[in-house]
Amino acid sequence: MELTKIQNNAVEEIYSYYSSEERKKVDFKAPTGSGKTLMATWLISSIIERNPNEKFIFVIATPSSSNLPFFFEQKINVYKKDLPYSKFQVEYIESPSSKKDAHVEETPRINLERNKVYIFGKSTFGAKRIFTELHVIDDFIESALNQGFKIIYIRDEAHIGDITRADDETKKFETLMLSSSHFILKMTATPNYSDPSTNVVIIKESDINDVTKNDDRWLLKTKPTMLLQSNITEDELLDNALIRFIEIKKEYKNLEKD
């Protein structure tokens, strides 16, 4: 799957902030449906391809504890065949529940592999998880730094869940990754404009809907459709919208399975 011109420009702009010498942070904002996972995958490929002498590991974290991390893994593996560099492994790391429940007899480990992409969900680093209780992730990151790996941290949906209100384990994980990573990309709906050390890259919905900029490939479907009669009440409109929303969620799940 090739990038559109808009997507490629965004990937190149994000990559332009990468430095082998300095620690850099980027906030990336793009509309839902614009292909953020695809762009993140191309960024990973570009970083590896253009820095062949570096030792990288990539950590992708999502606040979801549902199937989202698993689908992230599946999507990247689908996209890999079209990448400029695709010789890297992808793994969704899922921690068992509390050791008391899982009857684990030995401390689990996350094996370090050069250029590998590790996907963590809330079920990996959250409370009452073996990886949390036995400090498996802490050991993994410490080992990576000791062995000279540069950690690239990609945080999906960074606007979800205020870190100041998060549970203690999530705070610890986020603090660990932010302090240990060489390059940080946050995919967020609310970029941090107040931090001068954070670079901001934005794809506007108006650009995606501009036929001269999007290679005539419509990533977003924005044609207005008359859904209901004009004399419907607000309560009826809301009821119908919620019903349609549930139907669309089911359709998305089927698409993800395929």
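Because the structure is predicted, anything quoted here is derived from the model rather than measured. (Residues numbered from 1 in each chain as written. Predicted model: local features only at pLDDT ≥ 70, side-chain atom pairs only at ≥ 80, totals over all residues. Heavy atoms only, no water.)

What to know about the overall build of the protein
Broken down by element type, the protein carries ten helices and seven strands. In the protein, which comprises 258 residues, the share counted as buried stands at 41%. Of the contacts made within the protein by residues no fewer than 6 positions apart, 79% connect residues no fewer than 24 positions apart. Just so you have it, the protein exposes about 15,000 Å², and 49% of that area is on carbon and sulfur atoms. (Helix = DSSP H or I, 4+ residues; strand = E, 2+ residues; numbered from the N terminus. Buried < 20%, exposed > 50% of the residue type's maximum accessible area, 1.4 Å probe, protein only. Contact = heavy atoms within 4.5 Å. Areas by Shrake-Rupley, 256 points an atom, 1.4 Å probe, with all protein chains shown as cover.)

Section: the side chain of D195
Take D195: it is sitting in the loop between β6 (183–187) and β7 (198–202). For D195, a relative accessible area of 19% corresponds to the buried category. At 2.8 Å, the side chain of D195 and the side chain of K25 are in polar contact. Engagement of the side chain of D195 in a polar contact is seen with the side chain of T198, the distance being 2.9 Å. (Polar contact = N/O pair within 3.5 Å; in protein donor to acceptor, adjacent residues only side chain to side chain.)

A closer look at the pairing of strand β5 (residues 150–155)
In terms of burial, β5 is largely enclosed, as six of its six residues are buried. Burial along β5 is two-sided: K150, I152 and I154 facing one way and I151, Y153 and R155 facing the other are all buried.

Description of the nonpolar core
If you look at the biggest cluster of nonpolar residues, it comprises 38 residues, and the most contacted ones within it are F28 and V117. The dominant element in this core, judged by the number of residues it contributes, is helix α2 (residues 36–50), at eight residues. Apart from the residues lying within four places of it in its own chain, the contact partners of F28 are A10, I14, K36, M39, L185, K186, M187, T188, V201 and I203. (Core = buried A, V, L, I, M, F, W, Y, C linked by side-chain atoms within 4.5 Å.)

Comments concerning the environment of F120
Structurally, F120 is set in strand β4 (residues 117–120). Residue class for F120 comes out buried when judged on its relative accessible area of 0%. Considered as a pair, F120 and A61 are 59 residues apart in the sequence and their alpha carbons are 4.7 Å apart.

Some details on the packing of aromatic side chains
Counted according to the given criterion, the structure contains nine aromatic pairs. Relative to F183, the ring of Y18 lies with its centre 5.7 Å away and its plane at 70°, an arrangement referred to as edge-to-face. You can see Y18 sitting in the loop between α1 (5–16) and β1 (24–29) and its partner F183 sitting in strand β6, a full 165 residues away along the chain. One exposure class covers both Y18 and F183, and it is buried. Measuring from centroid to centroid gives 6.4 Å for F120 and F140, while their planes differ by 65°, and the two rings are edge-to-face. Pair noted here: F120 is in strand β4 and F140 is in helix α7 (residues 136–146), with a separation of 20 residues, a long-range link. With respect to burial, F120 and F140 carry one shared label: buried. Taken together through their ring pairs, the aromatic side chains of Y15, Y18, F56, F58 and F183 make up a single cluster. Residue placement shows K55 over the ring face of F149; its charged tip is 4.4 Å from the ring centre. (Phe/Tyr/Trp six-rings, centres within 6.5 Å; stacked < 30°, edge-to-face > 60°. Lys NZ or Arg CZ within 6 Å of the ring centre and 35° of its normal.)

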